[in-house]
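The primary structure of each chain is shown beneath.
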Amino acid sequence: MSTFNKFFGTEKYIASESLRNAVNVAIALGRPLLVKGEPGTGKTLLAHSIAKALGKRLIVWNIKSTTKAKDGLYVYDTVQRLNDSRFGDRDISDIKQYIRLGKLGEAFVSDEQVVLLIDEIDKADLEFPNDLLNELDEMSFYIHETGETIKAKHRPIVIITSNSEKELPDAFLRRCIFHYIEFPDREMMEEIVRVHFPGIEENLLKEALKKFYRLRKIESLKKKPSTSELLDWIQVLLASGVSHHRLKSELVFPGVLLKNEADLAQLRGSEVL
Amino acid sequence: MRQIWLNCAGARCCEEMFTDFFYILREKGVPVSITEWMTLMEALDKGLADSSLERFYYLARSILVKSESYYDHYDLAFEEYFRKVGDLSQLREELPGSKLVLEIREELLRWLNDPINGINLSEEEIEKLPRMELYELLDLFRRRLAEQTGRHDGGNKWIGTGGTSPFGNAGQNPAGIRVGGVSRGRSAIRMAHQRRYQNLRSDLTLDVRQIKVALKRLRLLARSGPEDELDLEETIDATCKNAGEIELVFTKSRKNIIKLLLLIDVGGSMTPYAQLCSRLFSAANSLSHFKDFRYFYFHNCIYDHLYTDMARRKKFGIREFFRTFDREYRVIIVGDAWMAPSELTNRYGAIDYEDVSETPGIVRLREIREHFDHVVWLNPEKRDIWERKSIAMIREIFPMFELTLDGLDEAVRELVGRR
Ligand SMILES: Nc1ncnc2c1ncn2[C@@H]1O[C@H](COP(=O)(O)OP(=O)(O)O)[C@@H](O)[C@H]1O
Ligand SMILES: [Mg+2]
């Protein structure tokens, strides 16, 4: 999340009618909701907002390229045990104390229903989603080392996000409720901006969005500016007191919108500036 | 009419008719599985469509469609089905006995017969199975599915968690989340009719991000570079040998070893596809994923040299090309392969003066095919015209794929496959 949100705080989340439906269906059917969309379309924020709106705790499992499905269940800290066997005074025969629950495990043992966000699932190995299928279906798993079964006390509301870096396996997809967040159109973007900057002047907003959408039309950009960049940019515009007249004739602070050097260089040569 | 439909979807009569929607979806190319269809039935039973066709539009889509690239197919199916609902008798006559119905029947029978699904059919049921009507099969399937999920997670306990929803009822504005963007009260059929997801179809268009996703699959991993990855197995072994004194063993990490060459046809008949090609180029160029990535340009066919610039001023001789790039380079050639056959077969047949050569183009192309282990040709022209002379001749040399997301996927598979 961009830094300024920490100061201004997101009170509101703008969801389209279809997203709203998908969330409701997923919760009602107790299925994971898979949300796809380009970066910055509010996928991560959605899970936060759902948790907030329902007054439930959010557990976030950030997926990296090295994450294994098992990490979400539990890890058996053998190195600690090995160390204890040499120096420790702990009873190393009690394996239980070396079992650390992962995020999924944490969600299962929680005394209240939680929202579990599995963020950017497409970062992981292709097999990752399939490896989680059983646990998500049955809402339980078995710890071999201790012979213990961890069963969900309350089925968590599971939100899974993907930037579609990779295709996800069919068997996994069949289990999910799916929603693709489109990049917001101008009308919707206006609402999103207003949520973050309630007092913003109409003309400035209109002009800023005009420039923003024109930039996004340039096909050859390495990275198109997203909602986060737009919000950052508007923040800068407001802070520096740029008028909509000035904005009309000049694309000020382009570096906030385009983070890539080559994109900036390309822009300098074109007429959008 | 549709009210009745949505309300009584649980009853057999309606379910049977409703199944037509399933057929149409499959016919339009949405890969809906029986399991997903049953989930939709379950959702309808729970009243999640709320007797509103608009709700149903979203509900069914979120359960049945698992990729935005099928949203448009869904719209087509939705419109067709609900337009026809008015004249159901017609629909019912068109469908029974069709290939699709048979396929679905097959799929159901397979599912019911497969012990992996953990269903135990009675002798009697097994015997009746082949003679059952489709709706009977569906019914059986559904009951079995319910039993099965019941065993897994304690039945419907979790389903319909007493109206838990972060949104509350329609029109309300509860804690922190607001519904925005769409103007309400739009008819669902009109929504489908607009076909606003057309540009997300993977069989029609390609954007840079999609190309990147496809190209990322172009990878073969091998260990190379500095030893910076902990080798757990070896560490344990070494530690044991070391009488329990921990000894860490590192190994080289796995890197992509694919080297990619992109050869792009520019100018002439390729002009309409310039943007598409430039997207392919930007995608490949912005991926820091390949061990090496190089690109060249040509016009229509390749003769004595390629060009390093799009304006075709800087030449790169074909001999040097073969010397510089070994057989392991994966080669993607992009072009419409559409030219006068003489440009391929004749000596001095090149269309551009600069390219004129004693060696006919087709000989050169064969040479390229021989030099590299993996070469594919991507063609932005639709498959329908691939019968044309020059295209057909080039297809005999290189495996050719459409420059669409699906085509690119196939091409990538070809490039990483064994030859
Ligand atoms: N629908 C929305 N309503 C309000 N703010 C939004 C919305 N979509 C995006 N944003 C803003 O954009 C930022 C990026 O969203 P984020 O959830 O991190 O995107 P993603 O996870 O899809 O990459 C958020 O922090 C928020 O400020
Ligand atoms: Mg995110």
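Since we're looking at a predicted model, the values are computed, not measured. Each residue is numbered by its place in its chain's sequence as written, counting from 1. Chains carry letters from A onward and ligands carry numbers from 1 onward, assigned in written order. Where totals are concerned, whole chains, interfaces and linings use all residues; where local detail is concerned, this predicted model gives features only for residues with pLDDT of at least 70, and gives and counts side-chain atom pairs only at 80 or more. Excluded from the side-chain calculation are hydrogens and water; included are all heavy atoms of the structure.

Some words on the overall build of chain B
Now for step 1: In terms of regular secondary structure, chain B is built from 18 helices and ten strands.
Now for step 2: A buried classification covers 50% of the 419 residues belonging to chain B.
Now for step 3: For chain B, long-range pairs separated by at least 24 residues make up 70% of all intrachain contacts whose partners lie at least 6 apart in sequence.
Now for step 4: Each accessible area is a Shrake-Rupley estimate made with a 1.4 Å probe; only the visible protein chains count as cover when residues are assessed. Of the roughly 20500 Å² that chain B leaves accessible, carbon and sulfur atoms contribute 48%. A run of DSSP states H or I qualifies as a helix once it reaches four residues; a run of E qualifies as a strand once it reaches two. Both are numbered from the N-terminal end. Throughout, exposure labels follow a simple rule: accessible area from a 1.4 Å probe, protein chains only, divided by the maximum for the residue type, with under 20% read as buried, over 50% as exposed, and the rest as partly exposed. Here, residues are in contact when the closest pair of their heavy atoms is within 4.5 Å.

A closer look at the overall build of chain A
Now for step 1: Looking only at helices and strands, chain A features 14 helices and ten strands.
Now for step 2: A burial count over chain A gives 52% of its 273 residues as buried.
Now for step 3: Residue pairs at least 24 apart in sequence account for 73% of intrachain contacts in chain A once pairs closer than 6 positions are excluded.
Now for step 4: When the accessible surface of chain A is split by element, carbon and sulfur atoms take 50% of a total near 12300 Å².

Concerning the environment of A:Lys166
Now for step 1: With respect to the helices, strands and loops of the structure, A:Lys166 is situated in the loop between β9 (157-162) and α8 (170-175).
Now for step 2: Distance from A:Lys166 to A:Ile121, taken between C-alpha atoms, is 9.1 Å for residues 45 residues apart in sequence.
Now for step 3: When neighbours within four sequence positions are excluded, A:Lys166 is seen to be in contact with A:Asp122, A:Lys123, A:Ala124, A:Leu126 and B:Val213.

A look at the site of ligand 1
All names here are of chain A.
Now for step 1: Around ligand 1, the structure places 17 residues, and the nearest of them are Ile-14, Gly-40, Lys-43, Thr-44 and Leu-45.
Now for step 2: Pairing of N or O atoms within 3.5 Å defines a polar contact, subject to two protein rules: one partner must be a possible hydrogen donor and the other a possible acceptor, and residues neighboring in sequence count only if both atoms are side-chain atoms. Between ligand 1 and the protein, one listed contact pairs an oxygen atom with a backbone N or O atom of Gly-40 at 2.7 Å.
Now for step 3: Here a nitrogen atom of ligand 1 and a side-chain polar atom of His-196 are 3.0 Å apart.
Now for step 4: In the complex, the protein chains occlude 93% of the 560 Å² of accessible area that ligand 1 would expose alone.
Now for step 5: Elements that contribute at least two residues to the shell around ligand 1 include exactly β1 (13-15), α3 (43-54), α9 (186-196) and α11 (227-240).
Now for step 6: In this count, Pro and Cys sit with the nonpolar residues alongside Ala, Val, Leu, Ile, Met, Phe, Trp and Tyr, while Asp, Glu, Lys and Arg are called charged and the others, Gly among them, polar. Taken together, the residues that form the shell around ligand 1 break down as seven nonpolar, eight polar and two charged. Think of it this way: one heavy atom of a residue within 4 Å of a molecule or strand is enough to make that residue near it.

A word on the sheet that holds strand β2 (residues 33-36) of chain A
Residues and elements named next belong to chain A.
Now for step 1: The sheet built from five strands is open, its strands ordered β3-β6-β9-β2-β10 with parallel pairing. Only two strands of the sheet have a single neighbouring strand rather than two, namely β3 (58-62) and β10 (177-180). Neighbour-to-neighbour, the strand axes of this sheet turn through a mean angle of 20°, independent of strand direction. A strand pair is defined by DSSP finding two or more bridges across the two strands. For helices, the axis comes from a line fit to the C-alpha atoms of the stretch in contact; other axes are also lines fit to C-alpha atoms, and the angle between any two N-to-C directions lies between 0 and 180 degrees.

A look at the packing of aromatic side chains
Now for step 1: Two rings from Phe, Tyr or Trp (for Trp, the six-membered ring) form a pair when their centres are within 6.5 Å of each other. A pair whose planes differ by under 30 degrees is stacked, one over 60 is edge-to-face, and the rest are tilted. Following the criterion strictly, the structure yields 32 aromatic pairs over all chains and no others.
Now for step 2: An angle of 65° between the planes, with centres 5.4 Å apart, marks the rings of B:Tyr57 and B:Tyr74 as edge-to-face. Placement of the pair is B:Tyr57 in helix α4 (residues 53-64) and B:Tyr74 in helix α5 (residues 71-84), with a sequence separation of 17 residues. Summarising the burial analysis for this pair, B:Tyr57 and B:Tyr74 share the class buried.
Now for step 3: Ring pairs connect the aromatic residues B:Phe21, B:Phe22, B:Trp37, B:Phe56, B:Tyr57, B:Tyr58, B:Tyr74, B:Phe78 and B:Tyr81, which therefore count as one cluster.
Now for step 4: Positioned over the ring face of A:Phe183 is A:Arg216, at 3.4 Å from the centre of the ring. Charge-over-ring contacts are defined here by two conditions on Lys NZ or Arg CZ: a distance within 6 Å of the ring centre and an angle within 35 degrees of the ring normal.

Structural notes on the confidence of the model for chain A
Now for step 1: pLDDT expresses, on a scale from 0 to 100, how confident the predictor is about each individual residue. Overall, the prediction assigns chain A a mean pLDDT of 87, with 93% of residues at 70 or greater.
Now for step 2: Low pLDDT, under 50, characterises residues 1-10 of chain A; the predicted model gives this stretch 14 contacts beyond four residues in sequence or across chains.

Notes on unusual backbone geometry
Now for step 1: We note that A:Glu120 has phi near 60°; this positive angle belongs to a residue other than glycine.
Now for step 2: Relative to the helices and strands, A:Glu120 is located in the loop between β6 (115-119) and α7 (128-138).
Now for step 3: Positive phi, normally seen in glycine, also occurs at B:Asn300, with a value near 65°.
Now for step 4: Inspection of the secondary structure puts B:Asn300 in the loop between β5 (292-298) and β6 (305-307).

Description of the nonpolar core
Now for step 1: In plain words, nonpolar cores are sets of buried Ala, Val, Leu, Ile, Met, Phe, Trp, Tyr and Cys residues tied together by side-chain atoms within 4.5 Å. By size, the foremost hydrophobic cluster in this structure holds 97 residues, and its most contacted members are B:Trp37 and B:Phe56.
Now for step 2: Among the elements that make up this core, the one with the highest residue count is α4(B) (eight residues).

Some remarks on a positive patch on the surface
All names here are of chain A.
Now for step 1: Taken together, the side chains of Arg-186, Lys-210, Arg-214, Lys-217 and Lys-248 make up a positively charged region of the molecular surface.
Now for step 2: Examined against the element boundaries, Lys-210 turns out to sit in helix α10 (residues 202-216).
Now for step 3: Look at Lys-210 and you get partly exposed, because its relative accessible area is 34%. Only residues whose relative accessible area exceeds 30% and that form no salt bridge are eligible for patches; like-charged ones are grouped when within 9 Å, while nonpolar side chains (Val, Leu, Ile, Met, Phe, Trp, Tyr) are grouped when within 5 Å. In what follows, salt bridge is the name for a side-chain nitrogen of Lys or Arg lying within 4 Å of a carboxyl oxygen of Asp or Glu. We count Lys and Arg on the positive side and Asp and Glu on the negative side, and we leave His and both chain ends out. Every charge is mapped onto a representative atom, which is NZ of Lys, CZ of Arg, CG of Asp or CD of Glu.

Description of the side chain of B:His305
Residue and element names in this part refer to chain B.
Now for step 1: The topology assignment puts His-305 in strand β6.
Now for step 2: Owing to a relative accessible area of 14%, His-305 belongs among the buried residues under this scheme.
Now for step 3: A distance of 3.5 Å separates a polar atom in the side chain of His-305 from a polar atom in the side chain of Tyr-307.
Now for step 4: Within the local environment of His-305, its side chain forms a polar contact with the backbone oxygen of Glu-354, the two atoms lying 3.3 Å apart.
Now for step 5: If near-sequence neighbours (up to four positions away) are discounted, His-305 is found in contact with Lys-315, Phe-316, Gly-317, Ile-318, Glu-354 and Asp-355.

Considerations on a nonpolar patch on the surface
Now for step 1: Together, A:Val79, A:Leu82, B:Leu230, B:Leu232, B:Ile236, B:Ile246, B:Leu248 and B:Phe250 give the surface a local cluster of nonpolar side chains, amounting to about 720 Å² of exposed area.
Now for step 2: When contributions to the nonpolar patch are tallied by element, the ones reaching two or more residues are α5 (78-86) of chain A together with α12 (232-241) of chain B.
Now for step 3: Looking at the element boundaries, B:Leu232 is found in helix α12.

Some points on the pairing of β5(B)
All names here are of chain B.
Now for step 1: By the bridge criterion, seven bridges tie strand β4 (residues 259-265) to β5 in an arrangement that is parallel. Residue pairing for β5: Ile-264 is matched across the bridge by Tyr-297.
Now for step 2: By convention, orient the strands away from the viewer: a clockwise path from the first strand over the helix to the second makes the crossover right-handed. Handedness of the crossover joining β4 and β5 through helix α13 (residues 274-286) is recorded here as right-handed.

With respect to helix α2 (residues 17-29) of chain A
Residue and element names in this part refer to chain A.
Now for step 1: Each helix should span, by expectation, one fewer than its residue count multiplied by 1.5 Å. For α2, spanning 13 residues, the distance from its first C-alpha to its last is 18 Å, which sits close to the expected 18 Å at 1.5 Å a residue.
Now for step 2: Taken across its 13 residues, α2 has 13 buried, putting it largely inside the fold.
Now for step 3: Taken from the residues just after α2, Gly-30 is the one with a positive phi, measuring 65°.

Notes on the environment of A:Glu106
Now for step 1: For A:Glu106, the position within the fold is in helix α6 (residues 103-109).
Now for step 2: Setting aside residues no more than four positions away along its own chain, A:Glu106 makes contact with A:Arg57, A:Ile59 and A:Leu101.

Re the confidence of the model for chain B
Residues and elements named next belong to chain B.
Now for step 1: Predicted confidence across chain B gives a mean pLDDT of 75, with 73% of residues reaching 70 or more.
Now for step 2: Segment residues 1-14: pLDDT under 50, and 24 contacts once partners within four positions in sequence are set aside and those in other chains are kept.
Now for step 3: The low-confidence segment residues 88-92, where pLDDT is below 50, has twelve contacts with residues more than four positions distant or belonging to other chains.
Now for step 4: For this predicted complex, the interface score ipTM comes out at 0.87, alongside a pTM of 0.66.

Description of the pattern of salt bridges
Now for step 1: Per the counting criterion, the structure on display carries 26 salt bridges over all chains.
Now for step 2: Here A:Arg20 and A:Glu17 are joined by a salt bridge, their closest N and O atoms 3.8 Å apart. Of the two residues, A:Arg20 and A:Glu17 are both situated in helix α2; the distance of three residues between them amounts to about one turn of the helix. Across the pair, A:Glu17 and A:Arg20 agree in class, each one buried.
Now for step 3: Residues B:Glu367 and B:Arg319 are paired through a salt bridge, measuring 2.6 Å at the closest nitrogen-oxygen approach. With B:Glu367 in helix α16 (residues 361-371) and B:Arg319 in helix α14 (residues 318-324), this pair connects stretches of sequence that are 48 residues apart.
Now for step 4: B:Arg319 gets classed as partly exposed once you look at its relative accessible area, which sits at 46%.
Now for step 5: Among the charged side chains, a salt-bridge network with shared partners connects A:Glu190, A:Arg194, A:Glu202 and A:Lys206.

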